[in-house]
Amino acid sequence: MVSGAVPPSRVRAANSGTPNVEGRYVLYWMRSARRPSWNFGLDRAMEWSRQLARPLIVFEGLRCGYRWASDRLHQFVIDGMRANAAAFEGTNVTCYPRVEPEPDADKGLLEALALEACVVVADDYPAFFLPRALDAAARKIPVLLEAVDSNGILPIHSTERAFPTAYAFRRHLQKVLHPYLEEMPRARPALRSLPAPVPVPDHVWKRWPAAAFATGLDAFPIDHSVAPVALEGGVTSARRAWRAFLAERLDDYADGRNRPDRVGSSGISPYLHFGHISPHEMFASLVKREDWTPDKLAVLARGSRAGWWGMSEAAEALLDQFITWRELGFNMCVHEPNYERYESLPDWARATLEEHEDDPRDAIYTLEEFETANTHDELWNAAQRQLVREGRIHNYMRMLWGKKIFEWSPNARAALDVMIELNNKYALDGRDPNSYSGIFWCLGRYDRPWGPERSVYGKIRYMSSQNTARKLPVREYLEAFA
Ligand SMILES: Cc1cc2nc3c(=O)[nH]c(=O)nc-3n(C[C@H](O)[C@H](O)[C@H](O)COP(=O)(O)OP(=O)(O)OC[C@H]3O[C@@H](n4cnc5c(N)ncnc54)[C@H](O)[C@@H]3O)c2cc1C
């Protein structure tokens, strides 16, 4: 695997501006790939910096007026900003972390920075408010604004359509992924070899001083009821978590990830969501562990899950989640403008949901009852308590959590509203393309019709707490989140 010039498949012009050779610096707007290495956006900004012989400023901002801004999310992002500032210290990169003190205080900041830039490079990300923010910036920035994709192994703009199932997407990956496995961002970008650094322009710095990391979260007008969790954000913690998983838990992954009495999965999703770890770095370390080379890829895989990669069973199971399923979610957000709305469900799912909309429900709960874990089902309540306390739900329980919200809501649209609200408010990995994959999967996205047709569910795949409790050891889970 080689890391060279940033491949064209990763870069797109977000506006029609041109580079300003009179500019004072190159600006990298770090917004979703929040890390100082294994980052195509950073690599691209460094290419510009060398080509134009101008220094590089990395601007990493955190606004406070976005939906679901809370102590929990702020703490995790600020941990990451602190780690990034430390990583850039002593290099030729000027790192400019900024935490907005009140809504709209940072309006105009990016524009002010861009006015003196030759080129602006920004991370490309297809979900939440980030596409809108990029479009708004593209309209205002007078120089070339490039959007660079570090999201996954398959470039997000390399496909032409949304894939309806994991099987269809896997088949596609099996045909096209091979060359992309050879294209890696730089593991150790030569940050000290860039042109000598410049400070952030004085008038910008005075009006918008850099983040004071010691500021308490109380100072920010965000939701203080969603408390920080023990998990620390940032590249160092992310790398530690991933290495520990590879060394201690991967061998048991296929089985362990579905057992509520174990921490069998990687727990890496919050770090992936905020870009504190790169999918490329994760893949490269897995490859090393497996002593794998691309010639081991099966030539005729035809959509099958096992035996495609030519790695151990556990590694293949992980790759199916972490590449096929994860990148399927990004594919949907790129091609389906309604990815977060009921209308984006497949036709068969909407038809069966509507047919069963008036079926009597055993129970109907309000958002508040769900949020406070006040249902008749102790296993469901435990999952909701885990979400509120830890900012995550065990992998298997998350599916049950979503299915029951559907079952106990007046209709599918109301269920989606509740799932999106609770998942995105409390989960560290929420507001991600895979938040919508998971939530909409509960209502038939990426799935097929199932029989027998049931009340409320119709042909949507059914799950029950009783079956879960019969199949899986849940006692410890119930005790932990009583
Ligand atoms: C109702 C519901 C809501 C969900 N909300 C989110 C969310 O907000 N954010 C999120 O990242 N995932 C979400 N998922 C998908 C999945 O549950 C999580 O990605 C997984 O549990 C994260 O834990 P992990 O990092 O330990 O995963 P691991 O099993 O260790 O997998 C490694 C990585 O692969 C990817 N992955 C694993 N399982 C899936 C999956 N089923 N779909 C897509 N990608 C997957 C994730 O990026 C994950 O971090 C949701 C699923 C459901 C059913």
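Residues numbered from 1 in each chain as written. Predicted model: local features only at pLDDT ≥ 70, side-chain atom pairs only at ≥ 80, totals over all residues. Heavy atoms only, no water.

**Student:** Please explain the overall build of the chain as it appears in this structure.
**Tutor:** When helices and strands are counted, the chain shows 19 helices and six strands. Its C-alpha atoms give the chain a radius of gyration of 23 Å, near enough to 23 Å, the size a compact globule of 482 residues would have. The C-alpha extent of the chain, read off along each of the three principal axes, is 70 × 55 × 40 Å. Contacts in the chain between residues at least 24 apart in sequence constitute 80% of all its contacts with a sequence separation of at least 6. Of the roughly 20,100 Å² of accessible surface on the chain, 51% is carried by carbon and sulfur atoms. Here the chain carries 60 positive and 63 negative side-chain charges, and the mean point of each set is 3 Å from the other. (Helix = DSSP H or I, 4+ residues; strand = E, 2+ residues; numbered from the N terminus. Rg over C-alpha atoms; globule rule 2.2 N^0.38 Å. Contact = heavy atoms within 4.5 Å. Areas by Shrake-Rupley, 256 points an atom, 1.4 Å probe, with all protein chains shown as cover. Lys, Arg positive; Asp, Glu negative; His and termini not counted. Charge placed at Lys NZ, Arg CZ, Asp CG, Glu CD.)

**Student:** Explanation requested: the packing of aromatic side chains in the structure shown.
**Tutor:** The description of an aromatic ring pair rests on the distance of the ring centres and on the angle between the ring planes. Under the counting rule described, the total for this entry stands at 26 aromatic pairs. Ring geometry for W380 and W408: centres 6.2 Å apart, planes at 70°, overall edge-to-face. Of this pair, W380 sits in helix α14 (residues 378–390) while W408 sits in the loop between α15 (395–407) and α16 (412–426), placing them 28 residues apart in sequence. In this pair, the class of W380 matches that of W408, namely buried. Among the aromatic residues, those joined into a ring-pair cluster are Y66, W68, F128 and F129. (Phe/Tyr/Trp six-rings, centres within 6.5 Å; stacked < 30°, edge-to-face > 60°. Buried < 20%, exposed > 50% of the residue type's maximum accessible area, 1.4 Å probe, protein only.)

**Student:** It is not clear to me how the environment of K425 should be interpreted in this structure. Could you clarify?
**Tutor:** Take K425: it is sitting in helix α16. According to the relative accessible area criterion, K425 is buried, its value standing at 13%. Linking K425 and G391, residues 34 residues apart in sequence, is a C-alpha distance of 8.9 Å. For K425, the side chain forms a polar contact with the side chain of E371, separated by 2.7 Å. (Polar contact = N/O pair within 3.5 Å; in protein donor to acceptor, adjacent residues only side chain to side chain.)

**Student:** Just to check I follow, could you spell out the site of the ligand for this structure?
**Tutor:** The full set close to the ligand counts 23 residues, and Y253, S265, S266, G267 and S435 are the nearest of them. When the ligand is considered free in solution it has 820 Å² of accessible area, and contact with the protein chains removes 93% of it. Broken down by secondary-structure element, the contributors of at least two residues to the shell around the ligand are α9 (269–274), α11 (313–335), α15 and α17 (433–441). The residue inventory of the shell around the ligand, partitioned by class, reads eight nonpolar, 11 polar and four charged. Residue contributions to the shell around the ligand reach at least three from each of two domains, namely domain 2 (152–184 + 233–335) and domain 3 (342–480). (Near = heavy atom within 4 Å. Nonpolar A, V, L, I, M, F, W, Y, C, P; charged D, E, K, R; others polar. Domains from an automatic or database assignment.)

**Student:** So what exactly am I meant to see when it comes to helix α12 (residues 347–355) here?
**Tutor:** Because each turn of an α-helix spans 3.6 residues, side chains separated by three or four positions in sequence point in the same direction. Buried within α12 we find A349, T352 and L353. Seen end-on, α12 carries its buried residues on one side only, within an arc spanning 100°. Among the exposed residues of α12, those oriented more than 90 degrees off its buried face are D347 and E355. Residues of α12 that are buried make contact with α15 and α16. (Arc of directions from axis to C-beta.)

**Student:** I would appreciate a short explanation of the domain arrangement of the chain in the present structure.
**Tutor:** The parts lose accessible area when they come together, and the size of an interface is often stated as this lost area. Looking at the chain, the domain boundaries give domain 1 (1–150), domain 2 (152–184 + 233–335) and domain 3 (342–480). The distance between the C-alpha centroids of domain 1 and domain 2 comes to 26 Å. Facing the 29 residues of domain 1 at the interface are 32 residues of domain 2. Summing the contributions of domain 1 and of domain 2, the shared interface buries around 2,600 Å²; its carbon and sulfur component is 64%. Here domain 1 and domain 2 share zero salt bridges between them. Taken together, the connections running from domain 1 to domain 2 amount to 14 residue pairs in polar contact (both at pLDDT 80 or more). The element contributing the most residues to the side of domain 1 that touches domain 2 is helix α2 (residues 71–88), with seven residues. (Buried area = accessible area lost by both parts, 1.4 Å probe. Salt bridge = Lys/Arg side-chain N within 4 Å of Asp/Glu carboxyl O.)

**Student:** For this particular structure, what's the right way to read the side chain of R98?
**Tutor:** Here R98 lies in strand β4 (residues 93–99). Within the structure, the side chain of R98 is placed 2.7 Å from the side chain of D106, a separation counted as a polar contact.

**Student:** What am I meant to see in the nonpolar core here?
**Tutor:** Counting 112 residues, the largest nonpolar core has L177, F283, W309, M311, I323 and W401 as its most contacted members. Broken down by element, the residue count for this core peaks at 10 residues, all from α11. Residues within four places of W309 in sequence aside, it is in contact with L177, L181, F283, W292, K296, L297, E316, L319 and I323. (Core = buried A, V, L, I, M, F, W, Y, C linked by side-chain atoms within 4.5 Å.)

**Student:** Looking at this structure, I do not really get the sheet that holds strand β6 (residues 145–148). What am I missing?
**Tutor:** Sheet strands line up and pair through hydrogen bonds in the backbone, either parallel or antiparallel. Spatially, the six strands line up as an open sheet ordered β1-β6-β5-β2-β3-β4, and their pairing is mixed. Single-partner strands in this sheet number two, and they are β1 (11–13) and β4. Neighbour-to-neighbour, the strand axes of the sheet open up by a mean angle of 25°, direction not taken into account. As paired elements, strand β3 (residues 56–62) and β4 share seven bridges and run parallel to each other. When the bridges of β4 are listed, F59 appears paired with Y96. The sheet strands contacting helix α1 (residues 40–52) are β1, β2 (25–30), β3, β5 (117–123) and β6, and the helix crosses β5 at an angle near 170°. (Pairing = 2+ DSSP bridges. Axes fitted to C-alpha atoms, helices over the stretch in contact; angles between N-to-C directions.)

**Student:** Teacher, can you tell me more about empty space enclosed by the protein here?
**Tutor:** To find the voids left in a structure, one rolls a probe of water-molecule size over its atoms. A complete count under the given rule lists three cavities of 30 Å³ or more for this structure. Approximately 110 Å³ is the volume attributed to the largest cavity. For the lining of the largest cavity, the elements supplying multiple residues, two or more each, are α9 and α11. Class assignment for the residues of the lining of the largest cavity results in six nonpolar, five polar and five charged. Each of domain 1 (1–150) and domain 2 (152–184 + 233–335) contributes no fewer than three residues to the lining of the largest cavity. When its volume is computed, the second largest cavity comes out at roughly 70 Å³. (1 Å grid on protein atoms, 1.4 Å probe; cavity = no way out; pocket = protein on both sides within 12 Å on 5 of 7 lines; lining within 4 Å. Points joined across faces, edges and corners; volume = space filled by probe spheres on them.)

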